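# Observations on the three-dimensional arrangement
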Amino acid sequence: MALIVHKYGGTSMGSPERIRCVAKRVAKWARTGHQMVVVPSAMSGETNRLLALAKELAPARATEAYHRELDMLAATGEQASSALLAIALQAEGLGSVSYAGWQLPIRTDSSYTKARIESIDDQRVRADLAHGKVVIVTGFQGIDDEGNITTLGRGGSDTSAVAVAAAMKAHECLIYTDVDGVYTTDPRVVPQARRLQTVSFEEMLEMASLGSKVLQIRSVEFAGKYRVRLRVLSSFTPWDMDIDEEARSGTLITFEEDEKMEQAVVSGIAFNRDEAKLSVLGVPDKPGIAYLILGAVADANIDVDMIIQNLSKDGKTDFSFTVHRNDYARAIDLIKEKVLPVLGAHEVVGDTNICKVSIVGIGMRSHVGVASKMFRVLSEESINIQMISTSEIKTSVVIDEKYMELAVRSLHQAFGLDQEAA
């Protein structure tokens with residue numbers, strides 16, 4: 001039998017009844033002889049509730065000290081759900097024990113609210129597994145070198161689960177969610193979207209980075225780095241379904257590009273509403289300008305996505321880039337205060353009514369004309385493209401947010417994603 005990691009999302013842990021169902025499912029796996037490590041999220045809505053309380057009491061200006069306390073507060077949600085799951089497992093007659101991230105410990109850096117895992121000490125977990133216990137580890141959190149509790153950012157429980165699976169060389173990491181796998185696109189936007197039986201790690205990495213909410217991108221990065229087998233499946237199937245059937249359900253994220261995968265030129269359409277665009281106008285066209293602008297943004301720990309620099313005219317150019325919408329206000333203030341005075345640029349303008357739509361597929365490597373087909377489809381729908389970004393297996397465009405659903409539906413149909421592969 002194998003060492004298996006289960007991860008359960010907030011909706012799966014949303015009530016005592018759902019926690020009881022999770023316990024019964026985990027117990028089923030444990031009774032077949034598997035060693036079980038479980039990483040639960042906080043109960044649905046709990047993290048939002050806690051952060052809303054903090055917002056009511058927050059100081060006028062957010063400081064590092066404030067973000068430290070946010071992590072201290074937010075980490076309690078996972079601690080509560082982990083203890084409740086351990087209790088439910090004990091009611092099922094199984095030995096179980098829960099640990100907070102700092103108790104193992106899960107070591108992270110000190111970037112409060114979006115820390116990165118550096119190492120995991122699995123000694124206590126292995127000792128408990130050897131004694132036949134199910135071990136529950138809080139997701140989303142760890143501890144830095146100063147002994148401060150840190151959190152990994154939204155969706156961080158996925159990252160915790162994959163990191164634990166990597167550290168312990170687990171046979172497989174099963175991510176239980178409120179959807180039954182990875183789809184060609186969001187079924188709420190395109191009802192004809194299909195569930196993929198398998199998807200390559202590279203495709204999943206692109207889809208996660210481009211806005212697919214099924215898995216958090218850092219969890220996919222971890223899986224790729226440490227070759228962790230990942231499976232995304234539903235926690236709302238009956239807990240007593242046949243274990244062999246359950247082990248084959250959902251979508252397997254694989255590292256092998258089989259022949260069936262090669263047949264699909266495009267595997268999925270990803271989109272992201274959480275983008276905002278900033279344009280620095282009248283920038284002197286000389287070496288080092290991109291660094292001056294983006295270096296200041298990076299120093300503020302703001303992630304930049306797409307970048308475009310226009311053709312120079314009269315020694316001046318316009319420089320545009322996108323950031324997460326949550327970072328927009330901070331980024332535009334930073335440009336005004338620290339960058340414009342140094343550059344002597346005219347002004348910075350912004351747009352929060354944009355979105356990013358992307359086509360993804362490893363088959364794009366060996367097929368020409370895929371990007372031009374995407375552009376043609378959008379043109380036929382009179383959708384203007386503001387920015388373009390490409391890589392070996394994806395093409396992304398920034399468009400007006402009001403056209404997002406039309407773009408996704410049109411592209412999904414144009415690339416035949418509503419049809420089963422031959």
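Data block above holds the structure.
What counts, and where the lines are drawn
- Residues numbered from 1 in each chain as written.
- Predicted model: local features only at pLDDT ≥ 70, side-chain atom pairs only at ≥ 80, totals over all residues.
- Heavy atoms only, no water.
- Helix = DSSP H or I, 4+ residues; strand = E, 2+ residues; numbered from the N terminus.
- Buried < 20%, exposed > 50% of the residue type's maximum accessible area, 1.4 Å probe, protein only.
- Pairing = 2+ DSSP bridges.
- Axes fitted to C-alpha atoms, helices over the stretch in contact; angles between N-to-C directions.
- Contact = heavy atoms within 4.5 Å.
- Core = buried A, V, L, I, M, F, W, Y, C linked by side-chain atoms within 4.5 Å.
- Salt bridge = Lys/Arg side-chain N within 4 Å of Asp/Glu carboxyl O.

This brings us to the environment of Asp327. The topology assignment puts Asp327 in the loop between β16 (316-324) and α11 (328-343). Accessibility expressed as a relative area gives 14% for Asp327, which makes it buried.

So, on to unusual backbone geometry. Cis peptide bonds are those with omega within 30 degrees of zero, and the linkage from Leu104 to Pro105 qualifies with 0 degrees. Mapped onto the fold, Pro105 is located in the loop between β3 (96-99) and β4 (106-108). The backbone of Thr113 shows a phi angle near 70 degrees, a positive value even though the residue is not glycine. Its place among the elements puts Thr113 in the loop between β4 and β5 (117-120).

By definition, the strands of a sheet pair up through backbone hydrogen bonds, in either a parallel or an antiparallel sense. One open sheet holds the four strands; their spatial order is β13-β18-β20-β19, and the pairing between them is antiparallel. Two strands in the sheet have a free side with no partner beyond their single neighbour: β13 (268-272) and β19 (387-391). Direction aside, neighbouring strands of the sheet carry axes that sit 20 degrees apart on average. Sheet topology note: the β13/strand β18 (residues 354-360) ladder contains five bridges and is antiparallel. For Gly268, the partnering residue across the bridge sits in β18 and is Val360. Where helix α6 (residues 201-209) meets the sheet, its contacts fall on β13, β18, β19 and β20 (394-400), and the angle it forms with β18 comes to roughly 170 degrees. In the packing of helix α13 (residues 404-414) onto the sheet, contacts are made with β13, β18 and β20, and the angle to β18 comes to roughly 10 degrees.

With that out of the way, let us pick up the nonpolar core. Counting 45 residues, the largest nonpolar core has Val5, Val37, Cys173 and Leu215 as the members making the most contacts within it. Of the residues forming this core, the biggest block, six residues, is contributed by helix α5 (residues 156-167). Excluding its chain neighbours within four sequence positions, the residues that come into contact with Val5 are Val37, Val39, Ala161, Val164, Ala165, Ala170, Glu172, Cys173 and Leu174. Core analysis: the second largest hydrophobic core is formed by 24 residues, Ala2, Ile4, Ala86 and Val134 among them.

What follows is about the pattern of salt bridges. Under the definition given, this model contains 22 salt bridges. Here Arg20 makes a salt bridge to Glu17, at a shortest N to O gap of 2.8 Å. Highlighted residues: Arg20 and Glu17, both in helix α1 (residues 16-31), separated by three residues, approximately one helical turn. The class for Arg20 is partly exposed, based on a relative accessible area of 40%. Using a relative accessible area of 47% as the deciding quantity, one classes Glu17 as partly exposed. In this structure, Glu46 and Arg49 form a salt bridge, with 2.9 Å as the shortest nitrogen-oxygen distance. Here the residue Glu46 and the residue Arg49 both occupy positions in helix α2 (residues 46-57), the gap between them amounting to three residues, near one helical turn. Bridged by salt links that share partners, the residues Arg25, Lys28 and Glu246 form one connected network.

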